Amino acid sequence: MSVPANRQLQQFVRQHHLEGLTSPSLELILKGQTDYTVEKASRFLNFQNRISHELLKHRAITRNEYTAWFKKGEQNIEHLKKFIVQFSIFSNQFLIAQLLKTINADSIEGMRASKEILANEIGVVFNSSKNAKRSDIKNFDQEGDPQLVATEGTVEGGIFHFRAAHFEWLLRISSKLGLGFNDVGKRKHGTAATLFFCDELARLYGSEVYQASQAASYAVENWAAAGFWDELIEGLTKFNIRHHMDLPLAFLTWHSRLEAQHARHTQEELEELYFTRSIREDDFITYGNQMLDGVAAFWDGLNNQRKQLVVFN
Ligand SMILES: [Fe+2]
């Protein structure tokens, strides 16, 4: 969260008890921008308080038993295969939810923001000064390598590489585990828990109902920023050492870097949403919790699978 930098803004915050609001919103209130009033800001801070207590304490964010186990690195290859299969289904089905979100956007800006994510997901590399220079890319096989592509920028003018599709990054891990193309990614391989999660993503994140898609987005962003990528990275790093393997981690490290940037914007986006739209607070909390129930079901499914493997191994 950004802290108001100048003294005038700090004084304004103290005078109106607006501590907790991000600088962009405060600046717009101070400027007298339409829809940005002190009264609305106070209502937002109460709403934020509700969100903190009634949404962000969801166990999908605060208590992920599966990733807590995964990060210890004690999994065997069968555990890992099962994880990769379910995660690859989520990765593919997420495309459907993201396409629905794009189609159901209520403004051209919203549509483009969703399209950025969708296009990047299928292989359009962000156009950014932080991309590796061509001279850094040693051979054709490295084009689209997640270690070399930027996590920020825009797909506008970006270059498409088949190999930059996030699903293909996952394939590079799965092939090292002996899984073929048709062993991963398909709904027929999904557990009931994984499919429930994917269907909830399409229903809520991709919803035609604006309130639902915004609440689900906010919930998903907060889940993604809660640290599960780093737990997966820690677990796989230990696994590689223990099993003398070199499973490529860049799929995970790229997403971890991406989320670190998203987390900074999530709060500002929520405030913009609140000030510029009429948010029904109860609905937002309800839809957000439904989305997180879906997330929790996915990890619970994986957790049950790994417990069964211990019993039958
Ligand atoms: Fe991705």
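Residues numbered from 1 in each chain as written. Predicted model: local features only at pLDDT ≥ 70, side-chain atom pairs only at ≥ 80, totals over all residues. Heavy atoms only, no water.

Caption draft 1: Spatial organisation of the packing of aromatic side chains. On inspection of all chains with the given rule, the structure shows 34 aromatic pairs. Ring centres of Phe90 and Trp223 lie 6.2 Å apart, and the angle between their planes is 55°; this geometry places the pair in the tilted category. Of this pair, Phe90 sits in helix H6 (residues 77-103) while Trp223 sits in helix H10 (residues 210-224), and the two are 133 residues apart along the sequence. Comparing Phe90 with Trp223, the two get one shared label, buried. Ring centres 5.7 Å apart and planes at 45° place the aromatic pair Phe94 and Tyr205 in the tilted group. Of this pair, Phe94 sits in helix H6 while Tyr205 sits in helix H9 (residues 192-205), and the two are 111 residues apart along the sequence. With relative accessibility at 12%, the residue Phe94 sits in the buried group. By relative accessible area, Tyr205 is classed as buried at 6%. (Phe/Tyr/Trp six-rings, centres within 6.5 Å; stacked < 30°, edge-to-face > 60°. Helix = DSSP H or I, 4+ residues; strand = E, 2+ residues; numbered from the N terminus. Buried < 20%, exposed > 50% of the residue type's maximum accessible area, 1.4 Å probe, protein only.)

Caption draft 2: How the structure looks around the coordination of the iron ion. The iron ion binds to the protein through Glu121 (OE), Glu121 (OE), His166 (ND1) and His255 (NE2), with metal-donor distances spanning 2.2 to 2.7 Å. Its 4 donor atoms give the iron ion angles of 48 to 156° at the centre, a pattern that matches the irregular case. Written as a sequence motif, the donor arrangement for the iron ion is E-x44-H-x88-H. On the criterion of sequence distance, the pair formed by Glu121 in helix H7 (residues 108-122) and His166 in helix H8 (residues 166-176) is long-range, its members being 45 residues apart. Under the relative-accessibility criterion, His166 is labelled buried at 1%. (Donors = N, O, S within 2.8 Å, 3.2 Å for Na, K, Ca; no water. Tetrahedral: all angles 85-135°; square planar, octahedral: opposite > 155°, others 65-115°.)

Caption draft 3: Just empty space enclosed by the protein, in detail. Inspection of every chain in the model, using the stated rule, returns 1 cavity of 30 Å³ or more. The volume enclosed by the largest cavity comes to roughly 30 Å³. What lines the largest cavity is Tyr66, His79, Lys82, Phe83, Leu302, Gln305, Arg306 and Leu309. Only H6 and helix H13 (281-312) provide two or more residues apiece to the lining of the largest cavity. Each residue belonging to the lining of the largest cavity can be placed in one class, and the counts come to 4 nonpolar, 2 polar and 2 charged. (1 Å grid on protein atoms, 1.4 Å probe; cavity = no way out; pocket = protein on both sides within 12 Å on 5 of 7 lines; lining within 4 Å. Points joined across faces, edges and corners; volume = space filled by probe spheres on them. Nonpolar A, V, L, I, M, F, W, Y, C, P; charged D, E, K, R; others polar.)

Caption draft 4: Molecular detail of unusual backbone geometry. The residue His17 is not glycine, and still its phi comes out positive at about 55°. Backbone geometry places Asp35, a non-glycine residue, at a positive phi of 80°. With respect to the helices and strands, the residue Asp35 is situated in the loop between helix H2 (23-31) and helix H3 (38-54). On the basis of relative accessible area, Asp35 is assigned to the partly exposed category, the value being 40%.

Caption draft 5: Broad picture of the side chain of Ser213. When you line up the elements, Ser213 lands in helix H10. Beyond its immediate chain neighbours, meaning those up to four positions away, Ser213 contacts Lys101, Leu204, Tyr205 and Ser207. (Contact = heavy atoms within 4.5 Å.)

Caption draft 6: Region of the structure containing the domain arrangement of the protein chain. Per the domain assignment, the segments making up the protein chain are domain 1 (1-35) and domain 2 (37-123 + 165-312). On a C-alpha basis, the centres of domain 1 and domain 2 stand 32 Å from each other. In this assembly, 14 residues from domain 1 lie in contact with 12 residues from domain 2. Together, the buried faces of domain 1 and domain 2 total about 1,000 Å²; carbon and sulfur atoms form 64% of this surface. Together, Leu21, Ile29 and Asp35 form the three largest contributors to the area buried by domain 1 at its contact with domain 2, with a combined 45%. Where domain 1 touches domain 2, the interface holds 0 salt bridges. Along the contact surface separating domain 1 from domain 2 lie 3 residue pairs in polar contact (both at pLDDT 80 or more). Every element with two or more residues in the side of domain 1 that touches domain 2 is listed here: helix H1 (7-16) and H2. With 3 residues, the single largest contributor to the side of domain 1 that touches domain 2 is H2. Of the residues assigned to the side of domain 1 that touches domain 2, the class counts are 6 nonpolar, 6 polar and 2 charged. (Domains from an automatic or database assignment. Buried area = accessible area lost by both parts, 1.4 Å probe. Salt bridge = Lys/Arg side-chain N within 4 Å of Asp/Glu carboxyl O. Polar contact = N/O pair within 3.5 Å; in protein donor to acceptor, adjacent residues only side chain to side chain.)

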